[in-house]
Amino acid sequence: MHRHLAASLPALDAMLRASSSTAPLLGALQALLRATASAAAVLFAEYAEGVCRDGAKVLPMDGTVHPLTAQVLSYLKRLLGYDNAAQVMYGHISEQDDNYIGDVSAWAAAAGGSGDQQHESSSGGKDGSSAARRALSAGIARLLMQLQDNLEAKSRAYKNEAIAALFMMNNVHYVQWSVESSAALGLLGVEWLERHKDMVEDWGARYHDITWMPIINMLKAEPPSDVSRLKVMLKEMFAAFNASIDRIYTHQSGWTIPDHMLRAAVKRVIKDDLLETYQAFMRRYADVEFTSNPAKYIKYAVSDVASIIDDDLFETKAVSMSRLSLAREKLGAIG
C-alpha cells in the first residue's frame, strides 16, 4: 500500500493543490502515507516476535532446513526488495533518539558493526539515513538471532544428538547462504557473515564428534601385550565397528544435507578422519590370527566404508537391514 500511495502522491498533490477545498484531502493522504510507514516498522517487529514464539513441534525427520527458516528468509528477501525500505520504516528516527540508542545499538553491534559503511558505499546512501539503515540492520540481526534461538530450542526435541547438530548446521548454513547472496549482506556486514560460517563449522564438528569420533578413538586404542587378550579385543573391536557402520548406514542414509557443497565437505572430513584410521588399524593387525573365521568379523573393507560415505550418507534414503545386506554384497565386502 505504501509503495502505491507514495508513487501516486506527487500526481495527486499537483491535482489537489489547485483547489483550497481539496487541501484537507491532500493532508489526509500525506498522513496516511506516514501511518503506513510506521505500521511497516511495527509489523516487522511483531513478525520477529512471532518467529521467536513459533511453537511448531514437528521437525523434519531428515534434519533438513526447517520451514520456518525458509519462510523467514523469503520474508527478508521480499522486504529488502522494496525500494528505500530502511528510510520508509525508520526514516523518522535519529542517532540522538533515546529509543534508537536503547533498542537498536545493541542489535546493530550484533550485526557486526561494518554493514552500515558497506551499504553506504555500495548504494551511495540511497537507502536512507545512517540511523535508518542501522535500525533496519539491527532489526534483521534481531530477527535472525530469534530464529536461531527458536531452532536450537526445537532441535532439542530430537532424540538423537547427531541429527540435532546436523539440523542446526543445515539451518544456519541456509541463513548464512541466503544473506550472502542477498542485499542483507550489505546491512549485516562481513563480520556477521564470518561468524555464521564459523557456526556452521561448529555444528558440523559437533555432528562429527558425536557420530564418528567414538569409532575413530576406538580404532586408535592401544592393544594389550597379552596375545590372548589381544585376540579378544580384536573380536570386540571388529564387532563394535561393524555394528556402528550398520547403525550409521541405516539411519543416516535417511538424513540429508541439501547444499551439495556442504554435503561434500562433511563427507570429505569423515573420509579423511575415518578411512585413514581404519586402514591403519587393518594393516596393524593384518598378521594377527585372532579367529579361525575372519569373515565373521571383518565385514567391511576400507573401500566399502568409502562407498557408503560417498553414495549413501545424507541421500535421504529409507534403508532396511535387508537392503544393507544387499549393499554389502554389491560392495563386495568380505563375508
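**Q** Tell me about the overall build of the chain, and name the residues and values.
**A** A tally of helices and strands in the chain yields 15 helices and zero strands. Buried positions account for 45% of the 335 residues belonging to the chain. Excluding contacts between residues fewer than 6 apart, the proportion of contacts in the chain whose partners are at least 24 apart in sequence is 81%. On the chain, roughly 17300 Å² of surface is accessible, and the fraction owed to carbon and sulfur atoms is 56%.

**Q** Tell me about the confidence of the model for the chain, and please be specific about residues and values.
**A** In the predicted model, the chain carries a mean pLDDT of 82, and 72% of its residues have values of at least 70. Long-range and interchain partners of residues 113-128, a stretch whose pLDDT sits below 50, account for 33 contacts in this model, where long-range means more than four residues apart. Low pLDDT (under 50) marks residues 329-335, which in the prediction has 13 contacts with non-local residues, meaning those over four places away or in another chain.

**Q** Pulling in residues and values, what's your account of empty space enclosed by the protein?
**A** Over the atoms rolls a probe the size of a water molecule, and in doing so it shows where empty space is left. Within this structure, the stated rule accounts for two cavities of 30 Å³ or more. Quantified by volume, the largest cavity comes out at close to 60 Å³. If you trace the largest cavity, you find it lined by L144, L147, Q148, L151, M168, N171, V172, V175, W192 and H196. For the lining of the largest cavity, the secondary-structure elements that each account for two or more residues are helix 7 (130-155), helix 8 (161-180) and helix 9 (184-211). Volume-wise, the second largest cavity comes out at about 40 Å³. Breaking the lining of the second largest cavity down by element, the ones donating at least two residues are helix 11 (227-252) and helix 14 (302-311). Along the lines of polarity and charge, the residues of the lining of the second largest cavity split into seven nonpolar, no polar and no charged.

**Q** Can you break down the packing of helix 8 against helix 9 residue by residue, with the values?
**A** Angle between the axes and distance between the axes: these two values describe a pair of packed helices. At a closest axis distance of 8 Å, the pairing of helix 8 and helix 9 adopts a crossing angle of 160°. Viewed along their axes, helix 8 and helix 9 adopt a mutual orientation that is roughly antiparallel. In this structure, helix 8 meets helix 9 at a crossing whose hand is left-handed. In terms of residue class, the contact of helix 8 with helix 9 is made up of 18 nonpolar, five polar and four charged.

Cut-offs used in this document
Residues numbered from 1 in each chain as written. Predicted model: local features only at pLDDT ≥ 70, side-chain atom pairs only at ≥ 80, totals over all residues. Heavy atoms only, no water. Helix = DSSP H or I, 4+ residues; strand = E, 2+ residues; numbered from the N terminus. Buried < 20%, exposed > 50% of the residue type's maximum accessible area, 1.4 Å probe, protein only. Contact = heavy atoms within 4.5 Å. Areas by Shrake-Rupley, 256 points an atom, 1.4 Å probe, with all protein chains shown as cover. pLDDT = per-residue confidence, 0-100. 1 Å grid on protein atoms, 1.4 Å probe; cavity = no way out; pocket = protein on both sides within 12 Å on 5 of 7 lines; lining within 4 Å. Points joined across faces, edges and corners; volume = space filled by probe spheres on them. Nonpolar A, V, L, I, M, F, W, Y, C, P; charged D, E, K, R; others polar. Axes fitted to C-alpha atoms, helices over the stretch in contact; angles between N-to-C directions. Parallel < 35°, antiparallel > 145°, perpendicular 65-115°, else oblique. Left-handed = near helix turned anticlockwise from the far one by under 90°.

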